[in-house]
Amino acid sequence: MKEHKRGTIVVIGAGIAGLASAYYLVKDGWEVKILEKNEVDNNCSYGNAGMIVPSHFTPLAAPGMVAQGIKWMFNSKSPFYVRPALNPRLVDWGLKFLKHANRSHVDKYATALRDLNLYSSRLYDELSLEDGFNFELEQNGILMMYKSSQMKHEEVELAHRAQDLGLDVEVLEGEAVKALEPNLKLDVLGAVLYRCDGKLCPPKLMQQLIQYLKTAGVLFFEKTEVHKFVTVANTIKAAITDKGTFDADAFVVTGGAYLPELMSKLRVSTPLLPGKGYSFMYDTKGEKKLNHAALLLEARVAVTPMNGQIRFSGTMELGVANDKIYENRVRGIVESIPKYYPELQVEYPKNKIWYGYRPCSPDGLPYLGKLKKYGNTIVAGGGGMMGLSLGPAFGKIVCDLLADREIEAGIAGFKPDRFGS
Ligand SMILES: Cc1cc2nc3c(=O)[nH]c(=O)nc-3n(C[C@H](O)[C@H](O)[C@H](O)COP(=O)(O)OP(=O)(O)OC[C@H]3O[C@@H](n4cnc5c(N)ncnc54)[C@H](O)[C@@H]3O)c2cc1C
């Protein structure tokens, strides 16, 4: 029988945060059990755009977002939408968001977000070299493409800030962008190439992680929802689920957009709103191959070459989670594609639409660290628009915190109990 030198650990949630944590923990000698309320192959970590984004050093709570959000609220095809509701959770989140949407907040956390993403990107490089992993990792950059001079102005300014932060970024005129994508006609004014960014295929990554973990002896408990915790003094002793009680020496709480419900059982406030986004695959039938992932900036649409096809994704609908597909928002994505790629006349992808909920914190920062109240418990969540990108960093930091090792990225600003406990 395998010896587990560190003890037993329960990881709640089988998204990228949970699986990456399990990956580093099992290697570090823990007996790992993963509790997942659904099946393991259906969460936000599967249908996303697969982008690795050191470029996203600006938190969602940023100046300009409020005015832009209000403008877009009156357009049913717009990429950003706050679904108004007299819901105390929405109101509380909105007030906290307003408090943080300013320049000093953005400047304060730009370096920490950059470093966490760069660290994670390096860990993805390492993971891709392991036996059994081939998840289409390509670290060849992302093109932030624009059509209008107004967007060019904003994006070039951001590119200069990225360069000041030491990121490998280049501003390209239209012809130079076209030279990078010779197989497909482009109608753009220019682009910023973030060479520091990359992309991967999320379903392959997730399936290969699950396979690795199962082989390494990690136990998966699907359709097992955590409802409560047993605590004694400053320690969590057990997670109570609809399938029984799971005792452990330590706990990792992920949960994606559902983290607040889990944390409320521990009386810790981790405000989050689900930011609904859609994606679909487009089969180019082996033709019109794209070399780079791209963001179509005016439309806020992500374009990722993936598994021989292209994945298009977009929209951010903040509000209470519901299972409805708002057709007009998906049409907004579809109609934007030929504006940038005139040869791609994509049909409405009926019956092929995926949606997921980004776990969005009101200050745009993740929740990552040990709980003050319960020293044997780590929270890893709130990745928002960069939750996939941050996955390995989350996992490695979870593991190092539990082993009392030095952490290789600054996480002081990401405390999971910063909104109160
Ligand atoms: C359209 C779209 C595009 C995106 N593109 C990108 C991108 O290009 N790059 C990027 O970095 N990020 C992207 N994201 C965001 C990214 O997908 C998420 O931030 C990330 O997947 C969150 O991972 P997670 O592990 O925190 O949560 P999830 O993947 O949601 O996993 C959480 C899991 O916890 C489980 N759970 C919850 N509560 C309980 C409970 N009580 N008991 C047991 N289990 C529970 C859930 O069922 C779920 O399986 C995108 C998101 C969307 C919607």
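Below is a summary of the structure that appears in this document.

Thresholds applied
- Residues numbered from 1 in each chain as written.
- Predicted model: local features only at pLDDT ≥ 70, side-chain atom pairs only at ≥ 80, totals over all residues.
- Heavy atoms only, no water.
- Pairing = 2+ DSSP bridges.
- Helix = DSSP H or I, 4+ residues; strand = E, 2+ residues; numbered from the N terminus.
- Axes fitted to C-alpha atoms, helices over the stretch in contact; angles between N-to-C directions.
- Contact = heavy atoms within 4.5 Å.
- Near = heavy atom within 4 Å.
- Polar contact = N/O pair within 3.5 Å; in protein donor to acceptor, adjacent residues only side chain to side chain.
- Areas by Shrake-Rupley, 256 points an atom, 1.4 Å probe, with all protein chains shown as cover.
- Nonpolar A, V, L, I, M, F, W, Y, C, P; charged D, E, K, R; others polar.
- Buried < 20%, exposed > 50% of the residue type's maximum accessible area, 1.4 Å probe, protein only.
- Disulfide = S-S within 2.5 Å.
- Left-handed = near helix turned anticlockwise from the far one by under 90°.
- Parallel < 35°, antiparallel > 145°, perpendicular 65-115°, else oblique.
- Phe/Tyr/Trp six-rings, centres within 6.5 Å; stacked < 30°, edge-to-face > 60°.
- Lys NZ or Arg CZ within 6 Å of the ring centre and 35° of its normal.

**Looking at the sheet that holds strand β13 (residues 250-253)**
Read across the open sheet, the 6 strands follow the order β9-β2-β1-β13-β20-β19; overall the sheet is mixed. Edge positions in the sheet fall to β9 (219-221) and β19 (367-370), since each has one partner strand and no second. The mean angle between the axes of side-by-side strands here comes to 20°, regardless of whether they run parallel or antiparallel. Here β13 pairs with strand β20 (residues 377-381) via 3 bridges, running parallel. Paired with phenylalanine 251 across the bridge in β20 is threonine 377. Its contacts with the sheet place helix α10 (residues 391-402) against β1 (7-12), β2 (30-35), β13, β19 and β20, and it is angled at close to 170° to β20.

**Notes on the site of the ligand**
Among the 37 residues in the neighbourhood of the ligand, the closest are listed as Glu36, Ser45, Met51, Gly384 and Ser389. In this structure, an oxygen atom belonging to the ligand sits 2.9 Å away from a main-chain N or O atom of methionine 51. Methionine 385 is positioned such that a nitrogen or oxygen atom in its backbone is 3.1 Å from a nitrogen atom of the ligand. Protein chains bury 96% of the 1,000 Å² of accessible surface belonging to the ligand in isolation. Among the elements of the structure, α1 (16-27), β14 (273-282) and β18 (354-360) are those that each provide at least two residues to the shell around the ligand. With 4 residues, β18 is the single largest residue contributor to the shell around the ligand. Here the residues of the shell around the ligand sort into 17 nonpolar, 16 polar and 4 charged.

**Focus on the pairing of strand β7 (residues 190-194)**
Counting buried residues in β7 gives 5 out of 5 residues, a clear majority hidden from the surface. Side chains Gly190, Val192 and Tyr194 project from β7 onto one buried face, and the interleaved Ala191 and Leu193 project onto a second face that is buried too. Across 5 bridges, the pairing between strand β5 (residues 142-146) and β7 is antiparallel. From the neighbouring strand, methionine 145 faces β7, where its bridge partner is alanine 191.

**Details of the state of the cysteines**
Tallied over the full model, the rule gives 0 disulfides. Cysteine 201 carries a free sulfur, and the closest cysteine sulfur to it, the one in cysteine 44, is 15 Å from it.

**So, the packing of α1 against helix α7 (residues 202-215)**
Put simply, α1 and α7 touch, their axes get as near as 10 Å, and they point 35° apart. Between α1 and α7 lies a crossing whose hand is left-handed. Seen from α1, the contacting residues are Ile16, Leu19, Ala22, Tyr23, Val26 and Lys27; seen from α7, they are Leu205, Met206, Leu209, Ile210, Tyr212 and Leu213. Residue composition of the contact of α1 with α7, by class: 11 nonpolar, no polar and 1 charged.

**Brief notes about unusual backbone geometry**
Phi at lysine 223 is positive, roughly 50°, even though this residue is not glycine. Here lysine 223 falls in the partly exposed class, since its relative accessible area comes to 45%. Even without a glycine there, the phi angle at threonine 315 is positive, about 70°. Mapped onto the fold, threonine 315 is located in strand β17 (residues 309-318). Threonine 315 sits in the buried class, given a relative accessible area of 5%.

**Things to note about the sheet that holds strand β12 (residues 244-247)**
Judged by pairing direction, the sheet is antiparallel, and its 3 strands sit side by side in the order β10-β11-β12 without closing on themselves. Two strands close off the open sheet at either side, each with one partner strand: β10 (226-232) and β12. Sheet twist, expressed as the mean angle between neighbouring strand axes with direction ignored, is 25°. Here 4 bridges tie strand β11 (residues 235-241) to β12, and the two strands are oriented antiparallel to one another. Directly across from isoleucine 240, in β12, lies its bridge partner threonine 245.

**Observations regarding the packing of α1 against α10**
In contact at an axis separation of 7 Å, α1 and α10 are set at 45° when each is read in the N-to-C sense. With respect to α10, the axis of α1 lies oblique. As for the relative orientation of α1 and α10, their crossing is right-handed in sense. Taken together, the residues of α10 that come into contact with α1 (itself represented by Ile16, Ala17, Ala20, Ser21, Tyr24 and Leu25) are Gly391, Pro392, Phe394, Gly395, Lys396, Val398, Cys399 and Leu402.

**With respect to the packing of aromatic side chains**
Per the counting criterion, the structure on display carries 12 aromatic pairs. Summarising the aromatic geometry, the rings of tyrosine 23 and tyrosine 24 are spaced 4.8 Å apart at their centres and angled 85° between planes, so their arrangement reads as edge-to-face. Assessed through its relative accessible area of 5%, tyrosine 23 is described here as buried. Taking the relative accessible area as the measure of exposure, tyrosine 24 reaches 12% and is therefore buried. Between the aromatic rings of tyrosine 282 and phenylalanine 312, the centroid separation amounts to 6.1 Å while the plane-to-plane angle is 55°, which identifies the pairing as tilted. Here phenylalanine 312 lies in strand β17 and tyrosine 282 lies in strand β14, a separation of 30 residues in the sequence. Comparing tyrosine 282 with phenylalanine 312 shows no difference in burial state: the two are buried. Each residue in the set Tyr23, Tyr24, Tyr124, Phe133, Phe135 and Tyr212 is aromatic and connected to the rest through ring pairs, giving one cluster. Over the ring of tyrosine 258 we find lysine 37; its NZ or CZ atom is 3.5 Å from the centre of that ring.

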